[in-house]
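Structural characterization, general
Each chain, letter by letter, is given below.
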Amino acid sequence: MKLAFSTLGVPGLPLTDVLRLATAHGYHGVELRAHPEEPVHTGLGPGERTDAAAACKAAGVEILGLAGYVRVAAPGDDEPVLAELRALLDLARDLGAPYVRVFPGGDPSQSPEEADATAARRLGTAAEYATDAGVRILLETHDSHRTAADAIRVLGLVGHRQVGALWDVMHTWLGGEQPSESFAALSPYLGYIQVKDIASADDTTPLPLGAGVLPLAECVEVLSRHGWDGWLCWEYEKRWHASAPGLPGLLDTGREHLARLLNDSA
């Protein structure tokens, strides 16, 4: 498996510094948070996109994916959601990123069936655009659809190879699923996996990998047992927890922890 980290852990850091961290600490790739407060976002012009892609190539660091904030199940008209998603897919194409992340974003005012149908309709519409862009849309296990069982209700309705799943191990655990259950459900759709650690279900402040309660060893063991060889991406939520220790000082120990888990599961 290849290792990456998300720029959610280094909010606002220039791309050249992000790439320097990745190479210095032994990470193969980065997941770029695509947001206006970050250096990479959908408002970049053609020249800026070319420069960003060239910088990654020169550093030998892959852009694993773009973490966008499209909420595909949200109430309202389809077109604003689809326009936001198309812009994200265009950026991923221009940067050479294979994946874009979207959230479910369903609302309590909707029934589960309505939220599922809304998300599936929009993802199905966007799937052909994603095919042309050469980019895969990944629905994250998050918010209104935090478990794998929730996510596959939508993905089963879409039924398109360019629409898959991003497994956030914290949310499936908070939703009561065991890693073996989550993987069994998501494996036909799985793009990559976000790993992290927290103190408890009531305290999701980010911790160094291995210092909390999330079943990371079980996740890696399940993946290894099934021969899955994709990406593990450390999503350290520093952006939402300003008092948490900085990610750069944790990158070595995080990589070493994941390497131990991979070795033990081999």
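Residue numbering note: each chain is counted from 1, following its sequence as written. For a predicted model such as this one, the threshold for reporting local features is a pLDDT of at least 70, and the threshold for listing and counting side-chain atom pairs is 80 or more; totals across whole chains, interfaces and linings nevertheless cover every residue. To get the side-chain values, take all heavy atoms of the structure and skip hydrogens and water.

Quick word on the overall build of the protein
Using the following cut-off: Helix and strand definitions follow DSSP, with helices as H or I runs of at least four residues and strands as E runs of at least two, each counted in order from the N terminus. With C-alpha atoms as the basis for the radius of gyration, the globule rule is written as 2.2 Å multiplied by the number of residues raised to the power 0.38. Residue burial is assigned from relative accessible area. The probe radius is 1.4 Å, only protein chains are included, and a residue is buried under 20% of its type maximum, exposed over 50%, and partly exposed in between. Throughout, a contact is declared for two residues whenever any of their heavy atoms are within 4.5 Å. This count recognises Lys and Arg as positive and Asp and Glu as negative, with His and chain-terminal groups excluded. By convention, the charge on Lys lies at NZ, on Arg at CZ, on Asp at CG and on Glu at CD.
Looking only at helices and strands, the protein has 9 helices and 10 strands in total. For the protein, whose C-alpha radius of gyration is 17 Å, the value lies close to the compact-globule estimate of 18 Å for 266 residues. Its C-alpha atoms give the protein principal-axis dimensions of about 45 × 45 × 35 Å. Across the 266 residues of the protein, 53% fall into the buried class. Of all intrachain contacts in the protein linking residues separated by at least 6 positions in sequence, the fraction that spans at least 24 positions is 80%. In the protein, 21 side chains carry a positive charge and 36 a negative one; their mean positions are 4 Å apart.

Remarks on the packing of aromatic side chains
Using the following cut-off: Only Phe, Tyr and Trp rings are paired, with Trp represented by its six-membered ring, and only when their centres lie within 6.5 Å; those with planes under 30 degrees apart are stacked, over 60 edge-to-face, the remainder tilted.
Taken as a whole and judged by the stated rule, the model has 4 aromatic pairs. Judged by centre distance (5.4 Å) and plane angle (90°), the rings of Phe 5 and Tyr 27 are edge-to-face. Of the two residues, Phe 5 sits in strand S1 (residues 2-6) while Tyr 27 sits in the loop between helix H1 (15-25) and strand S2 (29-33), which places them 22 residues apart along the sequence. For the pair Phe 5 and Tyr 27, one class covers both residues: buried. With 5.6 Å between their ring centres and 45° between their planes, Tyr 99 and Tyr 192 make a pair best called tilted. Linking Tyr 99 in strand S4 (residues 99-103) with Tyr 192 in strand S7 (residues 190-195), this pair joins segments that are 93 residues apart in sequence. Tyr 192 matches Tyr 99 in its accessibility class, with the two residues each being buried.

Some points on the packing of helix H8 (residues 216-225) against helix H9 (residues 251-265)
What counts, and what does not: Axes here mean lines fitted to C-alpha atoms, for a helix over just the part in contact, with angles spanning 0 to 180 degrees between N-to-C directions. Each angle receives one of four descriptions, namely roughly parallel if under 35 degrees, roughly antiparallel if over 145, roughly perpendicular if within 65 to 115, and oblique otherwise. Helix crossings fall into two classes, left-handed where the near helix is turned counterclockwise from the far one by less than a right angle and right-handed where it is turned clockwise. Following the grouping adopted for this structure description, the nonpolar residues are Ala, Val, Leu, Ile, Met, Phe, Trp, Tyr, Cys and Pro, the charged ones are Asp, Glu, Lys and Arg, and the polar ones are all others, Gly among them.
The geometry of H8 relative to H9 is characterised by a closest axis approach of 9 Å and an angle of 50° between their N-to-C directions. By the angle between their directions, the pair H8 and H9 is classed as oblique. Here H8 and H9 pass one another in a crossing that is right-handed. Across from Leu 216, Ala 217, Val 220, Glu 221 and Ser 224 in H8, the residues of H9 making contact are Leu 261, Leu 262 and Ser 265. Looking at the contact of H8 with H9, its residues break down into 5 nonpolar, 2 polar and 1 charged.

Here we look at empty space enclosed by the protein
The following threshold applies: Every definition here rests on a 1 Å grid over the protein atoms only: cavities are sets of points where a 1.4 Å probe fits but cannot get out, pockets are open sets enclosed by protein on both sides within 12 Å along at least five of seven lines, and lining residues have some atom within 4 Å of a point. Grid points are joined across faces, edges and corners, and a volume is the space filled by probe spheres set on the points.
Inspection of the entire model under this criterion finds 2 cavities of 30 Å³ or more. Here the largest cavity is characterised by a volume of approximately 60 Å³. Forming the boundary of the largest cavity are Thr 7, Val 10, Leu 13, Leu 15, Val 18, Leu 32, Arg 33, Glu 38, Pro 39 and Val 40. Those elements that provide at least two residues to the lining of the largest cavity are H1 and S2. Taken together, the residues of the lining of the second largest cavity break down into 3 nonpolar, 1 polar and 4 charged.

Points about the pairing of S4
Stated precisely, the cut-off is as follows: Strands qualify as paired when DSSP identifies two bridges or more between them. Note on handedness: a crossover is taken as right-handed if, strands pointing away from the viewer, the path from the first strand over the helix to the second is clockwise.
Among the 5 residues of S4, 5 are classified as buried, and the element is accordingly described as predominantly covered. Neither face of S4 is exposed, since Tyr 99, Arg 101 and Phe 103 on one face and Val 100 and Val 102 on the opposite face are all buried. The sheet contact formed by strand S3 (residues 62-71) and S4 spans 4 bridges and is parallel. Opposite Ala 67, over in S4, you have Arg 101 as the bridge partner. Where S4 meets strand S5 (residues 136-140), 4 bridges bridge the pair, whose relative direction is parallel. Along S5, the bridge assignment pairs Val 102 with Leu 139. Traced from S4 through helix H4 (residues 112-133) to S5, the parallel crossover comes out right-handed.

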